[in-house]
Amino acid sequence: MLLALLALALIAMVLATPLGLRRLRYWRARRPARATGGELDLELYDPGRERRAEQRARELLRSCVNTEEWGMYRDLGFIRVAGRHARREIDRDRGARPAYAYLVYPHKPIVAYVPETGQLLSEYCVEFPDLTGNGGRHRLPASDDVLAKWMALTSDEDRVIRRANMHLVGRQLDPARVRRDLWRLAEWERRRGNREQVQQSQR
């Protein structure tokens, strides 16, 4: 009985040897490729990639918006865009003052409000995904997102508003935070106006 078991084990080992050798050759052939990342086509994570992308996006945004808008974004983290339409008949005689405006945040809804009273009107949810597919990222850098919204609002406001998901303020953004941002914006404009007056008096 023992002799029969030994004979079966020997036969099984002889039959399994070619399979084992084939598997060993395959493993050795793939081992250098794994070490270099050649066959797996995996990108190593670069912690500075997103920072560099944001830096390029900020430079592009700065080249597209005016000085006031760039200063607003640099100092406050959002941009105000004036609305182009009159909401009521009385708004048609306002001259250069807009009847309503938008606060454009990175990766957050656009907020419509009344500049004179600070009344919050609506949130408009729009998204501009990164379609390049680089590095598996799905969101644009923050400054590119602001630039995309700014370009859309200034070139075709009606289309943006028509296509956006509209909600009352508070659906995604805290109304208290938006009102605080409006206060910060008013303070920023006051300080900026004071600086301009000082510069003009020194000329």
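Values in this document were obtained by computation on a predicted structure and should not be read as measured data.

Regarding the overall build of the chain
Regarding its fold elements, the chain presents five helices and five strands. Along the chain, helices and strands appear, N-terminal first, in the series α-α-α-β-β-β-β-α-β-α. Considering the chain as a whole, with its 203 residues, one finds that 31% of them fall into the buried category. Put simply, of all contacts in the chain between residues at least 6 apart along the chain, 58% involve residues at least 24 apart. Only carbon and sulfur atoms are counted for the fraction: they give 54% of the accessible area of the chain, which is about 14,500 Å².

Some details on the pairing of strand 2 (residues 101–104)
Along strand 2, one buried face is formed by A101 and L103 and the opposite face, lined by Y102 and V104, is buried too. Of the pairings in the sheet, the one linking strand 1 (residues 79–82) to strand 2 comprises four bridges and is antiparallel in character. By the bridge assignment, I79 is partnered in strand 2 with V104. As paired strands, strand 2 and strand 3 (residues 110–113) are joined by three bridges and run antiparallel to one another. The partner of L103 across the bridge, within strand 3, is V111. Linkage of strand 2 to strand 3, two consecutive antiparallel strands, is achieved through a turn of five residues, within which H107 is found at a positive phi near 55°.

Re the pattern of salt bridges
Proximity of charged atoms lets side chains of opposite charge pair with each other. All chains considered together, the criterion is met by seven salt bridges. A salt bridge links R80 to E189; the shortest N-O distance between them is 2.6 Å. Placement of R80 in strand 1 and of E189 in helix 5 (residues 175–201) is noted, with a sequence separation of 109 residues between them. Given the relative accessible area of 29%, E189 is considered partly exposed. Salt bridges linked by common partners bring E68, R80 and E189 together as one network.

Quick notes on the side chain of E54
For E54, the position within the fold is in helix 2 (residues 49–64). Comment: no salt bridge for buried E54; closest opposite-charge side chain is R58, at 4.2 Å.

What to know about the nonpolar core
Counting residues in hydrophobic clusters, the biggest one holds 22 residues, and the most contacted among them are L61, I79, Y102 and L153. When residues of this core are traced back to their parent elements, those giving at least two are helix 3 (67–76), strand 1, strand 2, strand 3, strand 4 (120–125) and helix 4 (142–163). Residues F78, L103, V169 and V178 belong to the second largest nonpolar core, which totals 15 residues.

Structural notes on the packing of helix 2 against helix 3
Contact geometry of helix 2 with helix 3 gives a least axis separation of 9 Å together with a crossing angle of 150°. By the angle between their axes, helix 2 is roughly antiparallel relative to helix 3. When helix 2 is examined against helix 3, the residues E54, R58, L61 and R62 are found in contact with a partner set consisting of W70, Y73 and R74. Here the contact of helix 2 with helix 3 is composed, by residue class, of three nonpolar, no polar and four charged.

Concerning the side chain of S143
Here S143 is to be found in helix 4. Excluding residues that lie within four positions of it along the chain, S143 makes contacts with E54, A57, R58, L61 and Y73.

Notes on the sheet that holds strand 2
As summarised here, the arrangement of the five strands in space is 1-2-3-4-5, forming an open sheet in which the pairing is antiparallel. Every interior strand has two partners, whereas the edge strands, strand 1 and strand 5 (165–167), have only one. Strand-to-strand, the axes of this sheet are offset by a mean angle of 25°, without reference to chain direction.

Procedures and definitions
Residues numbered from 1 in each chain as written. Predicted model: local features only at pLDDT ≥ 70, side-chain atom pairs only at ≥ 80, totals over all residues. Heavy atoms only, no water. Helix = DSSP H or I, 4+ residues; strand = E, 2+ residues; numbered from the N terminus. Buried < 20%, exposed > 50% of the residue type's maximum accessible area, 1.4 Å probe, protein only. Contact = heavy atoms within 4.5 Å. Areas by Shrake-Rupley, 256 points an atom, 1.4 Å probe, with all protein chains shown as cover. Pairing = 2+ DSSP bridges. Salt bridge = Lys/Arg side-chain N within 4 Å of Asp/Glu carboxyl O. Lys, Arg positive; Asp, Glu negative; His and termini not counted. Core = buried A, V, L, I, M, F, W, Y, C linked by side-chain atoms within 4.5 Å. Axes fitted to C-alpha atoms, helices over the stretch in contact; angles between N-to-C directions. Parallel < 35°, antiparallel > 145°, perpendicular 65-115°, else oblique. Nonpolar A, V, L, I, M, F, W, Y, C, P; charged D, E, K, R; others polar.

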